[in-house]
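# Secondary and tertiary structure notes
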Amino acid sequence: MRPVCSRKGLAVSLVRNCLRRFAPAAIHLNNKERLRSCLGALIGIALTAGLTRLAVGSNSSLPLLLAPMGASAVLLFAVPASPLSQPWSIIGGNLVSALVGVACVRAVGDSMVAATMAVPLAIAAMFYLRCVHPPSGAVALTAVLGGTTVHGLGYGFVLAPVGLNTVALLASALVYHRLTGHRYPHRAAASAAPARRTGFTRADLEEALAQHGEMLDVEAEDLQALFSEVEIRAYRRHMENLFCADVMSAAVRTVRPDMTADAAWNLLREHQIKALPVVDDAQRVIGIVTQMDFVVHAHAQVQANAGAELPGTVRLRPRVLVRDIMSGEVKTARLLQPISELVPMFASYGHHHLPVVDTANRLRGMVTQANLVAGLYQKSLDQITARAA
């Protein structure tokens, strides 16, 4: 027979586990953003009431503010990135819910039955019209339970006060977010790296969301950008302590800006390389010249030899110098720059060669895609060896 203390301990553990499920998740928002949200809600509700009063008059029997506008203000100013907070969500959701509520009141005499019908029908309409807005459920209930004043308005309730309140609050949010430098309506930020370069695709994400079977309060684009950023951060942590100086090629062929393009091309062919850093007398990097520069900028006519790694012959215009064809805006890397920071440059921006420079911009080496792969491979081997030991 199990001891009483053991039973009590098990019961306490079960209660704690149950209570943990009700514990609120952390809100990752700094104090500045929290204050900005509160101030926005204050301004939004005040402007909504003021604009509605101007539109209907101070002596009107219409309510100047509907209670659901408070919930809408929370969404529009506190969580403006939510799909439930976007302009079509609040406009479509509030208007269609008001319309459904009024229709239920007119079709059913019993207010409780009408209220029971109004909310699920409003949700169904919002799903169909893709304008889900939680406070709109309260708008449907207000149309049913608002009393004789609201019932007397009939379908006019949809336009005033619902329509007036909704447009005024939305206009306040649009102006306030613009003035405070916040993006609204929300558009997902571009991923730090394209999904095709990371471990999942947009199709994978959409399939997972469909299989999830529940509506999540976040756009697929935001999830894609977030997951890509998480992958990059995890990758950086995994590849920490591996720097450009560890993987670069130290013996680098260079050219001067006053060298002839013919001589630079012959150097490329002789050493079977694809890029040459251009340096000044102090070995500072001032540019880079690649095979493509010969083709594009020097109007080279290339006739490829079968099986050759580089084009067979290049005919250049007379008196063409390296400075005439080089790329002056060259991306460089630092000696102690983590190689994880170079991956997006190689993967997303088309770079193939990055000169490595010291603090005085003097050339110290070159990192290529091959160097990067070799460095990652060696790092993985070292980690496997360390775990085995």
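Residues numbered from 1 in each chain as written. Predicted model: local features only at pLDDT ≥ 70, side-chain atom pairs only at ≥ 80, totals over all residues. Heavy atoms only, no water.

Do not read the predicted coordinates in detail wherever pLDDT is low. Residues at a pLDDT of 70 or more form 76% of the protein, whose mean pLDDT is 80. For the protein, per-element mean pLDDT is lowest for strand β3 (residues 301–303), which scores 44, and highest for helix α4 (residues 87–107), which scores 96. Taken together, the stretch residues 191–198 has pLDDT below 50 and engages in 18 contacts with residues farther than four places along the chain or on a different chain. Throughout residues 300–310 the model reports pLDDT below 50, and contacts reaching past four residues in sequence, or to other chains, amount to 25 contacts. (pLDDT = per-residue confidence, 0-100. Helix = DSSP H or I, 4+ residues; strand = E, 2+ residues; numbered from the N terminus. Contact = heavy atoms within 4.5 Å.)

Inspection of helix α6 (residues 135–145) places P135, S136, G137, V139, A140, A143 and V144 among the buried residues, and these make up the whole buried set. Tucked inside the fold, the buried residues of α6 contact α3 (68–78), α4, α5 (111–129), α7 (148–153) and α8 (156–179). (Buried < 20%, exposed > 50% of the residue type's maximum accessible area, 1.4 Å probe, protein only.)

To continue, consider the nonpolar core. L76, F77, A98, F157, V162 and L169 are the most contacted members of the largest nonpolar core, which has 20 residues in total. Elements represented by at least two residues in this core include exactly α3, α4, α6 and α8. For this core, the element with the most residues is α8, which contributes 7 residues. For L76, the contacting residues outside a window of four places in its chain are S85, I90, H133, L169, L170, A173, H177 and Y184. (Core = buried A, V, L, I, M, F, W, Y, C linked by side-chain atoms within 4.5 Å.)

Running from N to C, α4 and α6 cross one another at 30 degrees; their axes reach a closest spacing of 7 Å. It follows that α4 is roughly parallel to α6 by the angle criterion. Crossing geometry of α4 relative to α6 is assigned as right-handed. Residues G93, N94, S97, A98, G101, V102 and V105 of α4 form the contact with α6, whose participating residues are P135, S136, V139, A140, A143 and V144. Considered class by class, the residues forming the contact of α4 with α6 number 8 nonpolar, 5 polar and no charged. (Axes fitted to C-alpha atoms, helices over the stretch in contact; angles between N-to-C directions. Parallel < 35°, antiparallel > 145°, perpendicular 65-115°, else oblique. Left-handed = near helix turned anticlockwise from the far one by under 90°. Nonpolar A, V, L, I, M, F, W, Y, C, P; charged D, E, K, R; others polar.)

This part is about the environment of H151. Mapped onto the elements of the fold, H151 is located in helix α7. Looking at H151, the relative accessible area reads 36%, which means it is partly exposed. Expressed as a C-alpha distance, the spacing of H151 and V105, which sit 46 residues apart in the sequence, is 7.9 Å. When near neighbours in sequence (up to four residues on either side) are disregarded, H151 contacts V105, A143, V144, L145 and G146.

Sites flagged by UniProt as "transmembrane region" (unreviewed entry) map to residues 38–56, 62–81, 88–108, 114–131 and 162–179. Between the end C-alpha atoms of residues 62–81 there is a gap of 32 Å, over a span that is 55% helix and 0% strand. Helix makes up 89% of residues 114–131 and strand makes up 0%, while its end C-alpha atoms are separated by 22 Å. (UniProt positions renumbered as here; feature names shortened; annotations may be inferred.)

All right, on to the packing of helix α2 (residues 31–56) against α3 then. Two elements in contact, α2 and α3, have axes separated by 9 Å at closest approach and are oriented at 140 degrees. Taken as axis vectors, α2 and α3 run oblique relative to one another. Where α2 crosses over α3, the handedness of that crossing is right-handed. Where α2 abuts α3, its residues R36, S37, G40, A41, G44 and I45 lie against M69, G70, A73, F77 and A78. Its residues placed into classes, the contact of α2 with α3 shows 6 nonpolar, 4 polar and 1 charged.

The next subject is the pattern of salt bridges. The full count for this structure, using the stated rule, is 5 salt bridges. Here E33 ties to R36 by a salt bridge, and the two come within 3.2 Å at their closest N and O atoms. Of this pair, E33 and R36 both sit in helix α2, 3 residues apart, which is roughly one turn of that helix. A relative accessible area of 9% means that R36 is categorised as buried. With a closest N to O distance of 3.2 Å, D280 and R284 form a salt bridge. Taking relative accessible area as the criterion, R284 reaches 37% and is therefore assigned partly exposed. (Salt bridge = Lys/Arg side-chain N within 4 Å of Asp/Glu carboxyl O.)

Here the amide bond leading from A160 into P161 is cis, since omega sits at 15 degrees, within 30 degrees of zero. Following the sequence through the fold, P161 ends up in helix α8. Here Y184 and P185 are connected by a cis peptide whose omega angle stands at 0 degrees. Structurally, P185 is set in the loop between α8 and α9 (202–212). We note that Q283 has phi near 65 degrees; this positive angle belongs to a residue other than glycine.

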